[in-house]
Amino acid sequence: MPRPISATIHLDALENNLAVIRNKVGNSKIWAVVKANAYGHGLRCIWPHLDQADGFALLDFNEAILLRKQGWQRPILLLEGFFQPEDLRIIDEYQLTTVVHSHWQLKAIEAANFSNPINIYLKLNSGMNRLGFPADQYRDVLSLARNIRQIGQITLMSHFANADKKIGVTEQLNVIDSVSQGLNISQCLANSGACLWYPQTHRDWVRTGIALYGASPSGKWEDIADVGLKAVMSLKSEIIAVQNLKAGDKIGYGSKYTASCPMRVGTVACGYADGYPRSAMTGTPVIVNGVRTQMLGAISMDMMTVDLTPCPQAQIGSPVELWGQNLPVDDVAGVPGTIGYELLCALADRVPVSVCR
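Residues numbered from 1 in each chain as written. Predicted model: local features only at pLDDT ≥ 70, side-chain atom pairs only at ≥ 80, totals over all residues. Heavy atoms only, no water.

**Looking at the overall build of the chain**
Turning to step 1, where the next piece is worked out: Tallying secondary structure elements over the chain gives 11 helices and 19 strands in all.
Turning to step 2, where the next piece is worked out: Scored against the burial criterion, the 357 residues of the chain give a buried share of 54%.
Turning to step 3, where the next piece is worked out: A fraction of 62% describes how many contacts in the chain between residues 6 or more apart in sequence connect residues 24 or more apart.
Turning to step 4, where the next piece is worked out: When the accessible area of the chain is evaluated, it comes to approximately 16,000 Å², of which 48% is carbon and sulfur surface.
Turning to step 5, where the next piece is worked out: When the 31 basic and 31 acidic side-chain charges of the chain are each reduced to a single mean position, those positions are 1 Å apart. (Helix = DSSP H or I, 4+ residues; strand = E, 2+ residues; numbered from the N terminus. Buried < 20%, exposed > 50% of the residue type's maximum accessible area, 1.4 Å probe, protein only. Contact = heavy atoms within 4.5 Å. Areas by Shrake-Rupley, 256 points an atom, 1.4 Å probe, with all protein chains shown as cover. Lys, Arg positive; Asp, Glu negative; His and termini not counted. Charge placed at Lys NZ, Arg CZ, Asp CG, Glu CD.)

**Quick look at the nonpolar core**
Turning to step 1, where the next piece is worked out: Core analysis: the largest hydrophobic core is formed by 118 residues, its most contacted members being I109, Y276 and M304.
Turning to step 2, where the next piece is worked out: Sorting elements by how many residues they give to this core places helix α1 (residues 11–25) first, with seven residues.
Turning to step 3, where the next piece is worked out: Each of two domains, domain 1 (11–215) and domain 2 (233–355), supplies a minimum of three residues to this core.
Turning to step 4, where the next piece is worked out: Setting aside residues up to four positions removed in sequence, M304 forms contacts with G266, T267, V268, C270, Y276, V286, M295, I299 and L322. (Core = buried A, V, L, I, M, F, W, Y, C linked by side-chain atoms within 4.5 Å. Domains from an automatic or database assignment.)

**Here we look at the UniProt feature "active site" (unreviewed entry) in the chain**
Turning to step 1, where the next piece is worked out: Look at the UniProt record and you will see "active site" (unreviewed entry) annotated at K35 and Y253. The greatest C-alpha distance among the residues just named is 35.1 Å, and with 219 residues of sequence between them they are spread in space as well.
Turning to step 2, where the next piece is worked out: With respect to the element layout, K35 can be found in helix α2 (residues 35–39).
Turning to step 3, where the next piece is worked out: Not counting chain neighbours up to four residues away, the residues in contact with K35 comprise A57, L58, L59, E63 and L79.
Turning to step 4, where the next piece is worked out: Mapped onto the fold, Y253 is located in the loop between β12 (250–251) and β13 (257–258).
Turning to step 5, where the next piece is worked out: Assessed through its relative accessible area of 62%, Y253 is described here as exposed.
Turning to step 6, where the next piece is worked out: Once residues lying within four places of it in the same chain are set aside, the contact partners of Y253 are A298 and S300. (UniProt positions renumbered as here; feature names shortened; annotations may be inferred.)

**Observations concerning the UniProt feature "binding site: substrate" (unreviewed entry) in the chain**
Turning to step 1, where the next piece is worked out: The UniProt entry lists R130 and M301 under the feature "binding site: substrate" (unreviewed entry), expressed in the numbering used here. The largest pairwise C-alpha distance within this set of annotated residues, which runs over 172 residues, is 34.4 Å, so the set is dispersed in three dimensions.
Turning to step 2, where the next piece is worked out: Along the polypeptide, R130 turns up in the loop between β6 (118–125) and β7 (133–134).
Turning to step 3, where the next piece is worked out: Relative to the elements of secondary structure, M301 occurs in the loop between β16 (291–296) and β17 (304–307).
Turning to step 4, where the next piece is worked out: A relative accessible area of 42% means that M301 is categorised as partly exposed.
Turning to step 5, where the next piece is worked out: Beyond its immediate stretch of four places on either side in the chain, M301 contacts G271, Y272, A273, D274 and R350.

**Regarding the domain arrangement of the chain**
Turning to step 1, where the next piece is worked out: Splitting the chain by domain gives domain 1 (11–215) and domain 2 (233–355).
Turning to step 2, where the next piece is worked out: The straight-line distance from the C-alpha centre of domain 1 to that of domain 2 is 37 Å.
Turning to step 3, where the next piece is worked out: Counting residues at the interface gives nine residues for domain 1, matched by nine residues for domain 2.
Turning to step 4, where the next piece is worked out: Taking both sides of the interface into account, the surface hidden between domain 1 and domain 2 amounts to around 790 Å²; carbon and sulfur atoms contribute 74%.
Turning to step 5, where the next piece is worked out: At the junction of domain 1 with domain 2, the criterion picks out zero salt bridges.
Turning to step 6, where the next piece is worked out: Secondary structure elements with two or more residues in the side of domain 1 that touches domain 2: α1 and α2.
Turning to step 7, where the next piece is worked out: For the side of domain 1 that touches domain 2, the residue count by class is seven nonpolar, two polar and no charged. (Buried area = accessible area lost by both parts, 1.4 Å probe. Salt bridge = Lys/Arg side-chain N within 4 Å of Asp/Glu carboxyl O. Nonpolar A, V, L, I, M, F, W, Y, C, P; charged D, E, K, R; others polar.)

**Some points on the side chain of N191**
Turning to step 1, where the next piece is worked out: Within the secondary structure, N191 sits in the loop between β9 (186–190) and α9 (192–197).
Turning to step 2, where the next piece is worked out: If we skip the residues at most four places from it in the chain, N191 touches H159, F160, A163 and R207.

**A word on unusual backbone geometry**
Turning to step 1, where the next piece is worked out: A positive phi angle, close to 50 degrees, is found at Q95, a residue other than glycine.
Turning to step 2, where the next piece is worked out: Q95 gets classed as partly exposed once you look at its relative accessible area, which sits at 38%.
Turning to step 3, where the next piece is worked out: Backbone geometry places N184, a non-glycine residue, at a positive phi of 55 degrees.
Turning to step 4, where the next piece is worked out: Residue classification places N184 among the exposed positions, given a relative accessible area of 76%.

**Points about the side chain of Q187**
Turning to step 1, where the next piece is worked out: By the secondary structure assignment, Q187 is in strand β9.
Turning to step 2, where the next piece is worked out: Only 2.7 Å separates the side chain of Q187 from the side chain of R203, close enough to count as a polar contact.
Turning to step 3, where the next piece is worked out: Discounting residues that sit within four places of it in the chain, Q187 has contacts with T155, L156, I176, S180, R203, D204 and W205. (Polar contact = N/O pair within 3.5 Å; in protein donor to acceptor, adjacent residues only side chain to side chain.)

What follows is the structure, encoded as structure tokens:
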């Protein structure tokens, strides 16, 4: 018999989430962000259920080629652009749209031969200081790009550092609006947080990532609880052993939990080798037999221990939800101080994945 851990991808939830975003952004076109193998959900199986998006945005050339070979004919955006001049051959062959964030990329495009001019997203560094041209150089760079015959359509792109925080987008948006005033250029600014909470950023295109998969841009489920998003991935397992402890008994590596009274604990077939965070600690929520309880002690490579006090009927074979439609991944990620993005992307290859509607 196979080990009981498995992940399920809920395709109806994915379609629902895209519809929620569509309703939020109105007439703006949507890039469905599917980088990192669709945030761990499996690009090959989920992309047909995002076909109501206007384009796909990703990083990896192989994933872009996969989409083209699978039949996607609409735009594909390379979010980090290209990494070597030789990459331009692939961009031309598969008609990809590329981010341009550095002068060397413009020079490489100017020196290349294309069957058709390529469309670019010219990146403005509006304050995140990660990629892009400085605000005081942007107009000159745009003028240079417009004079390169190998370049077709140009879109102004920037990225918000704090759309998911109280600080918001105002400071960066002021920079963007100052730079772009009078330029007559299409714009793509909004990430998931801006899509949900800052309609003034929606402009011509938006880029929706984590919200498509039903997790919160802020890392806090309560921030999206009333939005209508649904978890796309459920990670489940089972109780494989039950221990009866007495007061003073300790649990797991490092003896990080000590029972204060007699209690039952369950061992679950899930550990950090499955993608569950090793940094999780006592208090991290899990659901056993439909009842919310907590993890105890340290995460092992293949197992964890959970408190069965709230669910006395639990026994070997009882179902466990590690995260999913009943337990938000954000609630799990918050205890060890990480975010749902990391947990979803870290799902290990050894975990069997199925899809359902």
